[in-house]
Amino acid sequence: MGFRLPGIRTRRASFSAEQAASKSAGVPKGCLAVYVGEEMKRFIIPITYLNQPSFQELLGQAEEEFGYDHPMGGLTIPCREDLFIEVTSRLNGQ
């Protein structure tokens, strides 16, 4: 619920849908894009990884280096690509 000002039309629903579509560019529902390594390679991961202790260590590194300002527009993780693949491979096996 909320209120509307007379004479002002809102376009919230269509704007939100357009915004979400542009931000998710190829990211399936329930997943998240992250950028890893020196070359900022893009990986798509399940959001369930965010609760895993080994992945939270990587998130801690990202927080220390970037705070909450991620230059790529998505989550940037400052670790070697091979380390990231090793961590996510273990999470895939669980």
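As the structure is a computational prediction, the values presented were derived from the model and not from experiment. (Residues numbered from 1 in each chain as written. Predicted model: local features only at pLDDT ≥ 70, side-chain atom pairs only at ≥ 80, totals over all residues. Heavy atoms only, no water.)

**Points about the overall build of the chain**
Along the backbone of the chain there are three helices and three strands. Secondary structure elements of the chain, listed N to C terminal, follow the sequence α-β-β-α-β-α. Residues counted as buried form 24% of the 94 residues belonging to the chain. Pairs at least 24 residues apart make up 45% of the contacts formed inside the chain by residues separated by at least 6 positions. Here the chain has roughly 7300 Å² of accessible surface; of this, 53% comes from carbon and sulfur atoms. (Helix = DSSP H or I, 4+ residues; strand = E, 2+ residues; numbered from the N terminus. Buried < 20%, exposed > 50% of the residue type's maximum accessible area, 1.4 Å probe, protein only. Contact = heavy atoms within 4.5 Å. Areas by Shrake-Rupley, 256 points an atom, 1.4 Å probe, with all protein chains shown as cover.)

**Concerning unusual backbone geometry**
Here the phi dihedral of Met40 falls at roughly 50°; this positive angle occurs in a residue that is not glycine. Take Met40: it is sitting in the loop between β1 (31–36) and β2 (41–46). A relative accessible area of 26% means that Met40 is categorised as partly exposed.

**Comments concerning the confidence of the model for the chain**
Averaged over every residue, the pLDDT of the chain is 75; the share at 70 or more is 66%. Ranking the elements of the chain by mean pLDDT puts helix α1 (residues 12–24) last, at 42, and β2 first, at 93. For the stretch residues 1–22, pLDDT sits under 50, and the model shows one contact to residues farther than four places along the chain or on other chains. (pLDDT = per-residue confidence, 0-100.)

**Focus on the sheet that holds β2**
Reading across the sheet, the three strands line up as β2-β1-β3 and stay open at both edges, with mixed pairing between neighbours. With one partner strand each, in any of the chains shown, β2 and β3 (75–77) form the two edges of the open sheet. Going across the sheet, the axis of each strand differs from the next one's by a mean of 35°, ignoring polarity. Strand direction decides the pairing type here: β1 and β2, joined by six bridges, are antiparallel. By the bridge assignment for β2, Ala33 is matched with Ile44. In the packing of helix α3 (residues 81–92) onto the sheet, the strands contacted are β1, β2 and β3, and the crossing angle to β2 comes to about 15°. (Pairing = 2+ DSSP bridges. Axes fitted to C-alpha atoms, helices over the stretch in contact; angles between N-to-C directions.)

**Some points on α3**
Here α3 contains 12 residues, and its C-alpha end-to-end distance of 16 Å stays within 8% of the 16 Å for a straight helix at 1.5 Å per residue. Looking only at α3, the buried set comprises Phe84, Val87, Thr88 and Leu91. For α3, the angular spread of buried residues about the axis comes to 90°, placing them on one side. (Expected span 1.5 Å × (residues − 1). Arc of directions from axis to C-beta.)

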